[in-house]
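Observations on the three-dimensional arrangement
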Amino acid sequence: MDDITSSADCARLVRAFYERALTDEVIGFLFTDVAHLDLDEHLPRITRFWETVLLGARSYGGGAFAPHLRLNAQVPLRRGHFARWLWLWTDTVDRLFCGPVAEEAKAHADRVANAFSARIEAINERRDGAADQSGQLTPVSSSESDHSAAATTSSLAALLGPTIVGVPRHSPSPLGPT
Ligand code: HEM
Ligand code: HEM
C-alpha cells in the first residue's frame, strides 16, 4: 500500500470517504437531507482542502468552520456525529493508504474534528443551556473496525442525543455485514 503523494490520491481518498459518508446511517442524512450537498462542487473543494493540508498545494482558501456552523443551525451537531465522521475518515485512509502523509491525514482530521466539535458544543450549550458530556473524541481504530456498524452506532447513541431519533435504521450499512 502506498502513501498519499498526489492531488489524484487526495481526490481518490475524498471520493472513497464520501461514498461511505453519504450513505452512513449516523451522519449520511446531514449531507443529503439537511445540506443537500452538490457533490460536483463539494468534492473538488474538499480535495483542495486536503491537498493544501497534506501536500502544501495552497489551493484551498480558509473558512472551513463556517459551513458547519450553518449546518448546526439546522440540526444540532453532536460529539457523536464528529466521532462517527472521524472514524469513517480514519478507516477510509487506512484502507487506501499507508505512510507518514496518511498518518498526517488522520492526525489533522482528528485535530479539526475535535476543534469543530468543541466549538459547536460550546455554542449549543450556550444556546440550549444543556449540559453535555465533555472529553476528547475517541475514534474507533481500524483494528476494531470488524465490529459491525450497528455496534459502533449503538456505542455512539448516548453521545448523539435526540438528533439520532428519526434517523432511518433500515438503510443498508456502508460497512457491509461483518
Ligand atoms: C502543513 C501544515 C498544516 C496545514 C497546511 C494546515 C491547514 C489547515 C487548514 C486549511 C485548516 C482549516 C482552517 C479553516 O479554513 O477554517 C486547518 C484547521 C486546523 N488545523 Fe491545521 N494545518 C496544518 C498543520 C496543523 C498542525 C501542526 C496543527 C496542530 C498541531 C493543526 C491544527 C489545526 C486545527 C486545530 C484546526 C481547526 C481550527 C479551527 O478551530 O477552525 N494544523 N488547518
Ligand atoms: C459531523 C461531522 C461533519 C459533517 C456532518 C460535515 C458536513 C459538511 C457539509 C454538509 C459541508 C458543506 C456545507 C456547505 O457547503 O454548505 C461541509 C464542508 C466542509 N467540511 Fe465538513 N463536516 C463534518 C466534519 C468535518 C471535518 C472534521 C472536517 C475537516 C477535517 C471537515 C472539512 C470540511 C471542509 C474543508 C468543508 C468545505 C468548507 C468550504 O470551504 O466551504 N468537515 N462539511
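Described in the following lines is the structure provided in the data block. Please read these numbers as outputs of a predicted model, since none were measured by experiment.

Here we come to the site of ligand 2. For ligand 2, the set of nearby residues contains 21 residues, the closest of which are Phe 31, Arg 45, Ile 46, Tyr 60 and His 68. In this structure, His 68 approaches ligand 2 through a side-chain N or O atom, which is 2.8 Å from a nitrogen atom. Contributing elements (two or more residues each) for the shell around ligand 2: α2 (28–34), α3 (39–55), α4 (66–74), α5 (79–96) and α6 (100–128). The greatest single-element share of the shell around ligand 2, amounting to 5 residues, is contributed by α3. Among the residues making up the shell around ligand 2, the classes are represented as 16 nonpolar, 3 polar and 2 charged.

For the iron atom of ligand 1, the protein supplies a single donor, His 108 (NE2), at a distance of 2.0 Å. Positionally, His 108 belongs in helix α6.

Turning our attention to the side chain of Thr 92. Among the structural elements, Thr 92 can be located in helix α5. Those residues in contact with Thr 92 that sit more than four places away from it in its chain are Leu 13, Ala 16, Phe 17 and Arg 20.

Take the site of ligand 1 next. In the vicinity of ligand 1 there are 14 residues, among which Gly 63, Ala 64, His 108, Arg 111 and Arg 119 approach most closely. Between ligand 1 and the protein, one listed contact pairs an oxygen atom with a side-chain N or O atom of Arg 119 at 2.3 Å. Counting residues per element, the ones that place at least two in the shell around ligand 1 are α3 and α6. The element contributing the most residues to the shell around ligand 1 is α6, with 6 residues. Here the residues of the shell around ligand 1 are counted per class, giving 8 nonpolar, 4 polar and 2 charged.

Under the defined criterion, the tally for this structure stands at 8 salt bridges. When the shortest N-O distance is used, the salt bridge between Asp 24 and Arg 84 registers 2.6 Å. Separated by 60 residues along the polypeptide, Asp 24 in the loop between α1 (7–21) and α2 and Arg 84 in helix α5 bring together distant segments of the chain. Here Asp 24 falls in the buried class, since its relative accessible area comes to 4%.

Exactly one protein atom donates to the iron atom of ligand 2; that atom is His 68 (NE2), 2.0 Å from the metal. The topology assignment puts His 68 in helix α4.

Turning to α6, a few remarks are in order. The first and last C-alpha atoms of α6 sit 41 Å apart over 29 residues, in line with the 42 Å expected at 1.5 Å per residue. Listing the buried residues of α6 in full gives Ala 102, Ala 105, Lys 106, Ala 109, Ala 113, Asn 114, Phe 116, Ser 117, Ile 120, Glu 121 and Asn 124. Against the buried residues of α6 lie α3, α4 and α5. Trailing α6 by a residue or two, Gly 129 shows a phi angle of about 65 degrees, which is positive.

Ile 4, Leu 13, Tyr 18, Leu 30, Trp 50 and Trp 89 are the most contacted members of the largest nonpolar core, which has 39 residues in total. Elements supplying a minimum of two residues to this core: α1, α2, α3, α5 and α6. Considering every element that reaches this core, the biggest residue donor is α5, with 8 residues. Once residues within four sequence positions are removed from consideration, Tyr 18 is found in contact with Phe 31, Leu 37, His 42, Leu 43 and Ile 46.

What counts as what
Residues numbered from 1 in each chain as written. Chains lettered and ligands numbered in written order. Predicted model: local features only at pLDDT ≥ 70, side-chain atom pairs only at ≥ 80, totals over all residues. Heavy atoms only, no water. Near = heavy atom within 4 Å. Polar contact = N/O pair within 3.5 Å; in protein donor to acceptor, adjacent residues only side chain to side chain. Helix = DSSP H or I, 4+ residues; strand = E, 2+ residues; numbered from the N terminus. Nonpolar A, V, L, I, M, F, W, Y, C, P; charged D, E, K, R; others polar. Donors = N, O, S within 2.8 Å, 3.2 Å for Na, K, Ca; no water. Contact = heavy atoms within 4.5 Å. Salt bridge = Lys/Arg side-chain N within 4 Å of Asp/Glu carboxyl O. Buried < 20%, exposed > 50% of the residue type's maximum accessible area, 1.4 Å probe, protein only. Expected span 1.5 Å × (residues − 1). Core = buried A, V, L, I, M, F, W, Y, C linked by side-chain atoms within 4.5 Å.

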